[in-house]
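One-letter residues, chain by chain:
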Amino acid sequence: MTVNASTKSLCLLGHPVSHSFSPAIHNAISESLNLNNVYVAYDVEPKDLQVAVKGLGALGFKGANVTVPHKTEVMPYLTEISKEAKIIGAVNTISFDNNRLIGYNTDCIGFEKMLIDEDVSLRNKKVLILGAGGAARAVVAACITNESAEIHVCSRDIMKSQTYINAFDKYATAKQLWKALTYSLIEINAGYDIVVNCTPLGMHPHEGKLPIDPQMFSNGTVLVDLIYNPQKTEFLLQGERLGMKVINGLGMLIHQALEAYRIWNGNTESAEFVRKALSEQGIK
Ligand code: NAP
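Everything numeric in this text was worked out from a predicted model, so none of it was measured. (Residues numbered from 1 in each chain as written. Predicted model: local features only at pLDDT ≥ 70, side-chain atom pairs only at ≥ 80, totals over all residues. Heavy atoms only, no water.)

## Concerning the site of the ligand
Okay, so step 1: Of all residues adjacent to the ligand, which total 20 residues, the nearest are A135, S155, K160, L226 and G249.
Okay, so step 2: Between the ligand and R156 there is a distance of 2.9 Å, counted from an oxygen atom to a backbone nitrogen or oxygen.
Okay, so step 3: Protein contacts shield 78% of the accessible area of the ligand, which totals 890 Å² for the unbound molecule.
Okay, so step 4: Placement of the ligand is best described as lying within the largest pocket.
Okay, so step 5: Broken down by secondary-structure element, the contributors of at least two residues to the shell around the ligand are α5 (134-145) and α8 (250-265).
Okay, so step 6: Within the shell around the ligand, the residues separate by chemical class into 12 nonpolar, six polar and two charged. (Near = heavy atom within 4 Å. Polar contact = N/O pair within 3.5 Å; in protein donor to acceptor, adjacent residues only side chain to side chain. Areas by Shrake-Rupley, 256 points an atom, 1.4 Å probe, with all protein chains shown as cover. 1 Å grid on protein atoms, 1.4 Å probe; cavity = no way out; pocket = protein on both sides within 12 Å on 5 of 7 lines; lining within 4 Å. Sits in = over half its atoms within 2 Å of the grid points. Helix = DSSP H or I, 4+ residues; strand = E, 2+ residues; numbered from the N terminus. Nonpolar A, V, L, I, M, F, W, Y, C, P; charged D, E, K, R; others polar.)

## Points about the nonpolar core
Okay, so step 1: F111, I129, V196 and V224 are the most contacted members of the largest nonpolar core, which totals 34 residues.
Okay, so step 2: Going through the elements one at a time, α3 (83-88), α4 (107-117), β7 (126-130), α5, β8 (150-154), α6 (158-168), β10 (194-197) and β11 (222-225) are the ones with two or more residues in this core.
Okay, so step 3: Residues contacting V196, with those up to four places away along its chain left out, are F111, V127, L128, I129, L130, V139, V224 and L226.
Okay, so step 4: Within the second largest apolar cluster, 20 residues are counted, among which are L10, L12, I29 and L258. (Core = buried A, V, L, I, M, F, W, Y, C linked by side-chain atoms within 4.5 Å. Buried < 20%, exposed > 50% of the residue type's maximum accessible area, 1.4 Å probe, protein only. Contact = heavy atoms within 4.5 Å.)

## Some points on the pairing of strand β5 (residues 93-97)
Okay, so step 1: Counted residue by residue, β5 has four buried out of five residues, so it is predominantly covered.
Okay, so step 2: Pairing analysis gives three bridges linking strand β3 (residues 63-66) to β5, with the strands arranged antiparallel. Looking across to β5, one finds that A64 is bridged to I94.
Okay, so step 3: Relative to strand β6 (residues 100-104), β5 runs antiparallel, the two sharing five bridges. Opposite S95, over in β6, you have I102 as the bridge partner.
Okay, so step 4: Linking β5 back to β6 in an antiparallel pair, the connection comprises two residues, with N98 at a positive phi of about 50 degrees. (Pairing = 2+ DSSP bridges.)

So this is what it looks like as structure tokens:
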């Protein structure tokens, strides 16, 4: 990759960002497509977010990704917000188009495409979502748009899960059943088709921790963990030992990045290409 006076800039805004695979993904795509872009990760403290976003516009950046803790806080600084990002209530991708700063959310499509790759459908399924944070919103949005039959959201605080599902009420179909839960209320063998861990339990600094005991579910349940580092969390390892199908979050990361790249550049690479590029850097 040659950086010169015509190079267009892309970046990640987060805090922290040192763990991110996004520079590896986006720079590999630019190189493969022979596009003169460079992608850099910037650690931006919350107090500096507004000035950072303004600065990117002034510097002629083509686009940016936004990660924790800025995904919701960035929204007031944008001129337009896509429909998906409005439903989810968070932005993970910004495109800079002259004076327009357009916010998108590609996590939902990333989650959907990851499941499609694994031959798992959300349609008519009973889904349990663990954790009521930012990423869980994209999972809930995918369940709504793919017409899951039942969507159960579990938080450590039942009031929080209730408020959370109330916020989605206007987007759901009349047939969809919702339940707000806390961990002590999850029933054994409740017939979940898919259980999604949207908490940080299992990744640094919570390695080895479980969001819930997989033995609570039948072995026909698909366990999904949005965490991709480690490749298999304790949740997935235990589920696998019980004979369950398990899926980590790498596919979601890859597909959300591909979609962001397409928004900025009009074309993108394949998921297979990105998997191979990451695997060459030891990321599987
Ligand atoms: P977040 O907004 O901080 O939400 C995480 C939620 O997990 C919290 O809202 C909390 O829910 C729950 N939680 C936090 N600490 C916990 C603990 N000690 N015990 C039990 N529950 C706890 O984070 P996020 O952005 O949603 O990310 C969640 C996970 O998804 C992270 O591991 C992140 O790396 C991963 N992720 C992956 C992708 C991908 O592309 N694969 C994309 C985004 C995020 P309650 O307060 O409701 O219990």
